[in-house]
Amino acid sequence: MTYDQKINELKLKLPEARDPVGSYVASKIIGKMLYISGQISISANGELIKGKIGQDLKTEDGYEAAKRCGLSIISQVKKACNDDLSKIKSCIKLTGFVNSTDEFTEQPKVINGASDLIVSVFGDAGMHTRAAVSTNSLPLGVSVEVDAIFELN
């Protein structure tokens, strides 16, 4: 089964791969490595998922926000690979940033939203290393941001 078929089987709808709004690129290929810039939490209807986890949102809400970041990562990967996900050999690493209160300690559970999504689409090739980091603020007040590194065939 191809990755696109897996996306369809899981009934996932990928968002549009948006261009950056700052002085950077959305993706960069160096050799056989594909780097995806941080993708922020945006709902299916295009609204920013904002708020501080542990105050405005629960861990479960953060998980869903991270899952949305994962969908945006896959969109950016498709765009960087000219719509050909078969170019992906493996996901190397995800780094997740969680806008959370000082007392919040469930960052790994939040970032599991992105990790679980990547593994559900890419299977064993989606198994990755990871960091899940708390921060006191993220761009535009979003709850979660995740970046990624992939290896190409």
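Above this text sits the structure in question.
Okay, so let's go over this structure. Remember, predicted model here, so these are calculated numbers, not experimental data.

## A short note on the overall build of the protein
Then comes step 1: Tallying secondary structure elements over the protein gives three helices and five strands in all.
Then comes step 2: Order of helices (α) and strands (β) in the protein, N terminus to C terminus: α-β-β-α-β-α-β-β.
Then comes step 3: Taking 2.2 N^0.38 as the reference for a compact globule, 153 residues should give roughly 15 Å; the C-alpha atoms of the protein span a radius of gyration of 15 Å, in line with that estimate.
Then comes step 4: Along the first, second and third principal axes, the C-alpha atoms of the protein reach 40 × 35 × 30 Å.
Then comes step 5: A buried classification covers 45% of the 153 residues belonging to the protein.
Then comes step 6: Once local pairs closer than 6 in sequence are excluded, the contacts in the protein between residues at least 24 apart make up 80%.
Then comes step 7: Approximately 8,000 Å² of the protein is accessible, and the part contributed by carbon and sulfur atoms is 50%.
Then comes step 8: Of the side-chain charges in the protein, 18 are positive and 19 negative, and the distance between the mean point of each set is 4 Å.

## Describing the environment of Pro15
Then comes step 1: The residue Pro15 is located in the loop between α1 (3–9) and β1 (27–30) in this model.
Then comes step 2: On the basis of relative accessibility, which here comes to 23%, the residue Pro15 falls in the partly exposed class.
Then comes step 3: Discounting residues that sit within four places of it in the chain, Pro15 has contacts with Arg68, Leu71, Ser72 and Ser75.

## Considering the pairing of strand β2 (residues 33–40)
The two faces of a sheet get side chains in turn, since along a regular strand they alternate between them.
Then comes step 1: Of the strand pairs in this sheet, β1 and β2 are connected by four bridges, and their pairing is antiparallel. Bridged to Ser27 within β2 is Ile36.
Then comes step 2: Pairing analysis gives six bridges linking β2 to strand β5 (residues 144–152), with the strands arranged antiparallel. Bridge pairing in β5 places Ile36 opposite Ala148.

## A word on the packing of aromatic side chains
Then comes step 1: In this structure the tally under the stated criterion is two aromatic pairs.
Then comes step 2: Geometrically, the ring pair formed by Tyr3 and Phe122 is edge-to-face, given 4.6 Å between the ring centres and 65° between the ring planes. With a gap of 119 residues between them, Tyr3 in helix α1 and Phe122 in helix α3 (residues 107–122) connect regions that are remote in the sequence. You'll find Tyr3 and Phe122 in the same group, each marked buried.

## So, α3
Then comes step 1: For α3, spanning 16 residues, the distance from its first C-alpha to its last is 23 Å, which sits close to the expected 22 Å at 1.5 Å a residue.
Then comes step 2: Turning to α3, its buried residues are Gln107, Val110, Ile111, Gly113, Ala114, Ser115, Leu117, Ile118, Val121 and Phe122.
Then comes step 3: Buried-residue contacts for α3 involve α1, α2 (59–80), β3 (88–99), β4 (129–135) and β5.
Then comes step 4: Of the residues flanking the end of α3, it is Gly123, one or two places downstream, whose phi is positive at about 60°.

## Observations regarding the nonpolar core
Then comes step 1: Counting 36 residues, the largest nonpolar core has Leu34, Ile73, Val77, Ile88, Phe122 and Phe150 as its most contacted members.
Then comes step 2: Among the secondary structure elements, those contributing two or more residues to this core are α1, β2, α2, β3, α3 and β5.
Then comes step 3: Ranked by residue count, the leading element in this core is α2, at eight residues.
Then comes step 4: Beyond its immediate chain neighbours, meaning those up to four positions away, Val77 contacts Leu34, Ile36, Leu85, Ile88 and Phe150.

## Quick word on the pattern of salt bridges
Then comes step 1: Following the criterion strictly, the structure yields five salt bridges and no others.
Then comes step 2: Between Glu9 and Lys6 there is a salt bridge, with the nearest N and O atoms lying 3.0 Å from each other. Highlighted residues: Glu9 and Lys6, both in helix α1, separated by three residues, approximately one helical turn.
Then comes step 3: Judged by relative accessible area, which is 43%, Glu9 ranks as partly exposed.
Then comes step 4: Judged by relative accessible area, which is 23%, Lys6 ranks as partly exposed.

About the criteria used
Residues numbered from 1 in each chain as written. Predicted model: local features only at pLDDT ≥ 70, side-chain atom pairs only at ≥ 80, totals over all residues. Heavy atoms only, no water. Helix = DSSP H or I, 4+ residues; strand = E, 2+ residues; numbered from the N terminus. Rg over C-alpha atoms; globule rule 2.2 N^0.38 Å. Buried < 20%, exposed > 50% of the residue type's maximum accessible area, 1.4 Å probe, protein only. Contact = heavy atoms within 4.5 Å. Areas by Shrake-Rupley, 256 points an atom, 1.4 Å probe, with all protein chains shown as cover. Lys, Arg positive; Asp, Glu negative; His and termini not counted. Charge placed at Lys NZ, Arg CZ, Asp CG, Glu CD. Pairing = 2+ DSSP bridges. Phe/Tyr/Trp six-rings, centres within 6.5 Å; stacked < 30°, edge-to-face > 60°. Expected span 1.5 Å × (residues − 1). Core = buried A, V, L, I, M, F, W, Y, C linked by side-chain atoms within 4.5 Å. Salt bridge = Lys/Arg side-chain N within 4 Å of Asp/Glu carboxyl O.

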